[in-house]
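Spelled out, the chains give:
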Amino acid sequence: MICRMLMGALLRQRGRVLTITLTMALGASLATAMLNVMMDIGDKVNQELKAYGANLSVVPKSVSLISDLYGASDDGAQENAAPEKYLAEDEIAKLKTIFWAFNIVDFTPYLQISAKVSGPSGTVEAQVWGAWFDKHLDTPTGESVDTGMVRMKSWWDIEGAWPARDDPSGAMIGASLASKLGVKQGDRISVAAGHLGEAVVSGVFHSGGSEDDDLFVPLPLAQEISGLRGLVSKIDVSALTTPENDLARRAAQDPNSLSRHEWDTWYCTAYISSIAYQIEEVISNARAKPVLQVAESEGAILQKTQLLMLLLTVLSLACSALAISNLVTASVMERSAEIGLLEAVGASASEVSFLVLAETMIATLAGGVAGYLAGRGFAQIIGHTVFGSAIAAKGLVPPLVALLVFAVTVAGSLPAIRLLASLRPAEVLHGR
Amino acid sequence: MNILELKNISMIYGSVRALDDVSLSVGQGEWLAIMGPSGSGKTTMMNIIGCMDRPTAGSVLLEGEELSGLSPSSLTAIRREKVGLIFQQFHLISYLTALENVMVAQYYHSMIDEREALGALERVGLKERAKHLPRQLSGGEQQRVCIARALINYPRLILADEPTGNLDEANEGIVMEIFRRLHGEGSTIIVVTHDPEVAEEAQRIVFLEHGRIANVVRRDA
Ligand SMILES: Nc1ncnc2c1ncn2[C@@H]1O[C@H](COP(=O)(O)OP(=O)(O)O)[C@@H](O)[C@H]1O
Ligand SMILES: [Mg+2]
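Scoring rules and cut-offs
- Residues numbered from 1 in each chain as written.
- Chains lettered and ligands numbered in written order.
- Predicted model: local features only at pLDDT ≥ 70, side-chain atom pairs only at ≥ 80, totals over all residues.
- Heavy atoms only, no water.
- Core = buried A, V, L, I, M, F, W, Y, C linked by side-chain atoms within 4.5 Å.
- Buried < 20%, exposed > 50% of the residue type's maximum accessible area, 1.4 Å probe, protein only.
- Helix = DSSP H or I, 4+ residues; strand = E, 2+ residues; numbered from the N terminus.
- Contact = heavy atoms within 4.5 Å.
- pLDDT = per-residue confidence, 0-100.
- Axes fitted to C-alpha atoms, helices over the stretch in contact; angles between N-to-C directions.
- Parallel < 35°, antiparallel > 145°, perpendicular 65-115°, else oblique.
- Left-handed = near helix turned anticlockwise from the far one by under 90°.
- Salt bridge = Lys/Arg side-chain N within 4 Å of Asp/Glu carboxyl O.
- Pairing = 2+ DSSP bridges.
- Expected span 1.5 Å × (residues − 1).
- Buried area = accessible area lost by both parts, 1.4 Å probe.
- Polar contact = N/O pair within 3.5 Å; in protein donor to acceptor, adjacent residues only side chain to side chain.
- Nonpolar A, V, L, I, M, F, W, Y, C, P; charged D, E, K, R; others polar.
- Phe/Tyr/Trp six-rings, centres within 6.5 Å; stacked < 30°, edge-to-face > 60°.

Peer 1: Help me understand the nonpolar core in this model?
Peer 2: Inside soluble globular proteins, nonpolar side chains tend to come together where they are buried. Counting residues in hydrophobic clusters, the biggest one holds 124 residues, and the most contacted among them are L342 of chain A together with L4, M45, Y108, L121, F179 and I190 of chain B. For this core, the leading source of residues is helix α2 (residues 14-50) of chain A, giving eleven residues. Among all residues touching M45 of chain B, those that are not within four sequence positions of it are L6, L19, V22, L24, I34 and L208 of chain B. Counting 53 residues, the second largest nonpolar core, distinct from the first, contains A171, A175, V201 and I225 of chain A.

Peer 1: How should I be thinking about the confidence of the model for chain A in this particular structure?
Peer 2: Per-residue confidence for chain A gives a mean pLDDT of 85; residues scoring 70 or more make up 90%. Low pLDDT, under 50, characterises residues 71-81 of chain A; the stretch is placed with 14 contacts to residues that sit more than four places away or in other chains.

Peer 1: Just checking my understanding: could you explain the packing of helix α5 (residues 139-151) of chain B against helix α6 (residues 169-184) of chain B for this structure?
Peer 2: The description of two helices packed together rests on the angle between their axes and the distance between the axes. All names here are of chain B. In contact at an axis separation of 9 Å, α5 and α6 are set at 15° when each is read in the N-to-C sense. Considering the angle they form, α5 stands roughly parallel to α6. Seen along the crossing, α5 lies across α6 with a hand that is right-handed. From α5, G140, E141, Q143, R144, I147 and L151 reach across to α6, where they touch N171, I174, V175, I178, F179 and L182.

Peer 1: How should the pattern of salt bridges be read in this particular structure?
Peer 2: If the charged atoms of two oppositely charged side chains come close together, the side chains can form a pair. Per the counting criterion, the structure on display carries 29 salt bridges over all chains. Between R17 of chain B and D20 of chain B there is a salt bridge whose closest N-O contact spans 3.2 Å. Given the relative accessible area of 44%, R17 of chain B is considered partly exposed. By relative accessible area, which is 14% here, D20 of chain B ends up buried. For the salt bridge of E63 of chain B with R156 of chain B, the shortest nitrogen-to-oxygen distance reads 3.0 Å. Here R156 of chain B lies in the loop between α5 and β7 (157-161) and E63 of chain B lies in the loop between β4 (57-62) and β5 (65-66), a separation of 93 residues in the sequence. A relative accessible area of 39% places R156 of chain B in the partly exposed class. One salt-bridge network, held together by shared partners, links R4 and R12 of chain A together with E100 and E114 of chain B.

Peer 1: Could you clarify how one ought to interpret the sheet that holds β4 of chain B in this entry?
Peer 2: Sheet strands pair via backbone hydrogen bonds, and the direction of the pair is either parallel or antiparallel. Residue and element names in this part refer to chain B. Reading across from one edge, β2-β1-β4-β5 is the order of the four strands in this open sheet, with antiparallel pairing throughout. Where the open sheet ends on each side, the last strands, each with one partner, are β2 (16-27) and β5. Bridge count for strand β1 (residues 2-13) against β4 is five bridges, and the pairing is antiparallel. Across the sheet, the residue bridging to K7 is S59, located in β4. Contacts between helix α1 (residues 42-49) and the sheet are confined to β1, β2 and β4, with β1 contributing the most and set at about 125° to the helix.

Peer 1: Mind showing me how you'd approach helix α3 (residues 98-109) of chain B here?
Peer 2: Three- or four-residue spacings in an α-helix give side chains the same orientation, since the helix completes a turn every 3.6 residues. Taking 1.5 Å per residue as the helical rise, α3 of chain B with its twelve residues ought to reach 16 Å, and the 18 Å between its terminal C-alpha atoms agrees with that figure. Burial analysis of α3 of chain B places ten of its twelve residues in the buried class, the great majority of the element.

Peer 1: Help me understand the interface of chain B and chain A, please; the structure alone is not making it clear to me.
Peer 2: Many structure descriptions define interface size as the accessible area lost when the parts assemble. Each partner contributes residues to the interface: chain B has 30 residues there, and chain A has 27 residues. Taken together, both faces of the contact between chain B and chain A bury some 2600 Å²; the carbon and sulfur share is 61%. The largest contributions to the chain B side of the interface with chain A come from H91, Y95 and Y108 of chain B, which together make up 30% of the buried area. The tally of links from chain B across to chain A stands at four salt bridges. In this structure, E114 of chain B engages R4 of chain A in a salt bridge whose closest nitrogen and oxygen atoms are separated by 3.2 Å. Seen at the junction of chain B and chain A, the total is eleven residue pairs in polar contact (both at pLDDT 80 or more). When contributions to the side of chain B that touches chain A are tallied by element, the ones reaching two or more residues are α1, α2 (72-82) and α3 of chain B. The biggest single contributor to the side of chain B that touches chain A is α3 of chain B, with seven residues. Along the lines of polarity and charge, the residues of the side of chain B that touches chain A split into 15 nonpolar, seven polar and eight charged.

Peer 1: Would you mind going over the pairing of β7 of chain B with me for this structure?
Peer 2: Looking along a regular strand, one sees the side chains alternate between the two faces of the sheet. Residue and element names in this part refer to chain B. Buried residues dominate β7, accounting for five of its five residues. Burial along β7 is two-sided: the face carrying L157, L159 and D161 and the face carrying I158 and A160 are both buried. Alignment of strand β6 (residues 83-86) against β7, held across four bridges, turns out to be parallel. Note that in β7 the partner of G84 across the bridge is I158.

Peer 1: Just checking my understanding: could you explain the packing of aromatic side chains for this structure?
Peer 2: Aromatic ring pairs are defined here through the distance separating the ring centres and the angle between the ring planes. Residues and elements named next belong to chain A. Applying the stated criterion to the full structure yields 18 aromatic pairs over all chains. Here W129 and F216 contribute two aromatic rings whose centre-to-centre distance is 6.3 Å and whose plane-to-plane angle is 15°, an arrangement assigned as stacked. Here the residue W129 occupies a position in strand β4 (residues 122-131), and F216 occupies one in strand β11 (residues 215-218), the gap between them amounting to 87 residues. In terms of burial, W129 and F216 fall into one category: buried. Ring centres 3.8 Å apart and planes at 10° place the aromatic pair W156 and F205 in the stacked group. Taken together, the residues W156 in the loop between α4 (149-152) and β7 (157-160) and F205 in strand β10 (residues 195-206) connect sequence positions 49 residues apart. Of the residues examined, F205 reaches a relative accessible area of 0% and is grouped as buried. Cluster of aromatic residues (ring-pair linked, three or more members): Y110, W129, F133, W156, W162, F205 and F216.

Peer 1: It is not clear to me how the sheet that holds β7 of chain B should be interpreted in this structure. Could you clarify?
Peer 2: Residues and elements named next belong to chain B. Read from one edge to the other, the open sheet built from six strands follows the order β6-β7-β8-β3-β9-β10, with strand pairing classed as mixed. Each edge of the open sheet is held by one strand with a lone partner, namely β6 and β10 (212-218). Recorded for the sheet is a direction-independent mean angle of 15° between the axes of neighbouring strands. Seen against the sheet, α2 touches β6 and β7 and runs at an angle of roughly 85° to β6.

Okay, structure coming up:
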């Protein structure tokens with residue numbers, strides 16, 4: 001009978017029911033979109049910012065010390081070829097074995113050499129970097145990773161193209177060096193530093209920075225020319241990080257100053273300092289230097305954006321609850337005689353409340369489902385217009401939205417139920 | 001034994017004495033009419049008898065059971081078991097069919113039984129309109145659905161507050177015919193009415209005035 005009463009109420013008062021459904025759908029769609037974007041935005045903003053470079057730089061300890069002491073940049077490394085001034089190339093894959101391996105998004109090793117570079121219009125002394133352009137790597141954990149400059153320098157403006165994977169001589173040349181040498185895409189250049197090597201220009205780039213005077217060649221070629229086989233001078237790492245807090249800053253100064261418990265918390269959180277610490281644990285003789293300013297602003301932007309979205313979600317749901325409470329209260333008032341009648345034939349106030357709540361719940365649940373689906377669409381629109389990419393559907397969102405719909409319904413029905421409890425059938429049935 | 005005893009009932013709303021020291025006994029199977037000018041306390045009295053309200057003072061005995069000290073939920077239970085209510089404004093649930101409106105009373109009383117509900121509609125001559133919504137029925141038909149609903153749980157006491165007040169003469173005739181039949185079957189009926197013709201049918205007419213019983217007319221056939 002309850003079912004028949006609910007069916008009757010829902011099907012034969014479609015207007016009223018649809019208004020409630022629509023109100024809930026609106027709130028739920030906003031909540032879904034905001035929650036989805038909010039949960040995905042962490043990755044999105046990080047990826048956006050990652051495009052502007054690495055946030056960790058791994059260098060040999062000795063080099064790090066010298067540059068820390070004298071504030072000098074490390075150059076001319078190959079003249080004094082002591083191995084402790086370099087990192088071992090075969091250790092790079094270990095980056096993917098640390099606790100926060102999944103937060104390490106991209107990385108590229110560089111071997112820096114000074115060399116004489118010759119092209120059609122002459123020879124110049126220039127910085128030459130051996131690097132990974134587009135590298136496929138099988139990690140010790142059995143994963144395969146594709147990384148390299150293609151991913152980390154994605155904002156470079158390029159005439160031509162990045163060298164193909166496994167091209168042994170393809171090179172990227174900075175625009176100002178290219179004009180000094182009079183080379184363009186497809187031209188041959190020679191590089192001399194101890195040994196002589198040959199490269200073919202695959203692309204000319206504008207980075208807007210000092211790199212425009214440099215030449216980038218495949219790492220094996222640079223190692224051959226310089227005689228530094230299996231060595232690299234630094235590794236740039238792009239990692240997804242948790243915003244820094246007080247604990248992270250203290251740890252960055254001295255991890256040993258933390259209590260056991262604090263240390264565990266810090267180690268198991270993706271702070272840039274703990275990721276750096278973990279990188280130093282796996283790569284021998286290395287110092288991982290966070291590029292802190294970038295990491296911090298990333299975290300701040302992220303937190304503010306997420307706060308804004310949370311606020312919007314709360315607001316939209318509060319509006320839904322208010323609107324629903326108005327609709328349900330109006331409906332109870334309008335039907336006060338019917339409610340009095342139900343009580344007159346023996347229904348208790350709680351039974352009638354249940355009926356009203358169930359009726360509202362069915363309407364809002366339908367609205368919740370419709371709103372969720374629409375919200376998924378909104379999230380995609382936001383993703384494409386704001387972040388230029390799709391927003392992943394987060395598994396946590398449907399149960400969360402269901403819970404919110406439930407809460408909004410109960411909150412929205414509360415005033416109506418209180419009104420209902422105060423209705424006196426003796427009065428409403430005689431039109432008072 | 002009397003089915004109903006009112007002893008020194010008073011009902012006071014603020015400064016209004018809606019009922020003022022009223023005592024009344026109604027016998028099993030009796031048909032009683034209550035008349036009186038508007039505001040004389042007829043509805044107030046019906047609410048008290050029908051367990052919808054509790055008097056300010058005095059005691060009510062329904063089948064020997066004292067009502068005045070009971071909680072609202074116990075009153076609801078007694079109303080459900082013993083009383084059938086009929087109202088001037090019908091009060092059907094707009095989104096349920098005639099049949100479902102009758103079944104609602106079954107549901108809150110005990111168990112639904114569609115055949116029995118159909119039987120009740122048949123007794124008031126509305127079997128064919130069972131699947132109609134209230135707005136598809138005329139006023140008289142709606143009142144007959146209300147009567148079917150009031151009868152469905154075999155109440156000991158039928159209370160009707162101006163049941164024909166909103167009906168034309170033809171429908172009034174049909175409703176009175178149903179009351180006559182119910183009375184013949186042994187039901188106790190209390191009808192509030194303005195209409196002397198309706199009151200004439202009862203065995204006893206009680207006149208209320210300013211919350212007091214002004215006169216009682218016995219019309220033993
Ligand atoms: N709930 C109430 N609150 C205040 N006054 C009431 C209430 N119910 C009835 N009254 C008053 O009690 C008196 C009797 O009302 P009522 O029993 O409805 O009269 P009748 O049904 O005979 O017209 C009237 O003066 C009415 O205004
Ligand atoms: Mg009245």
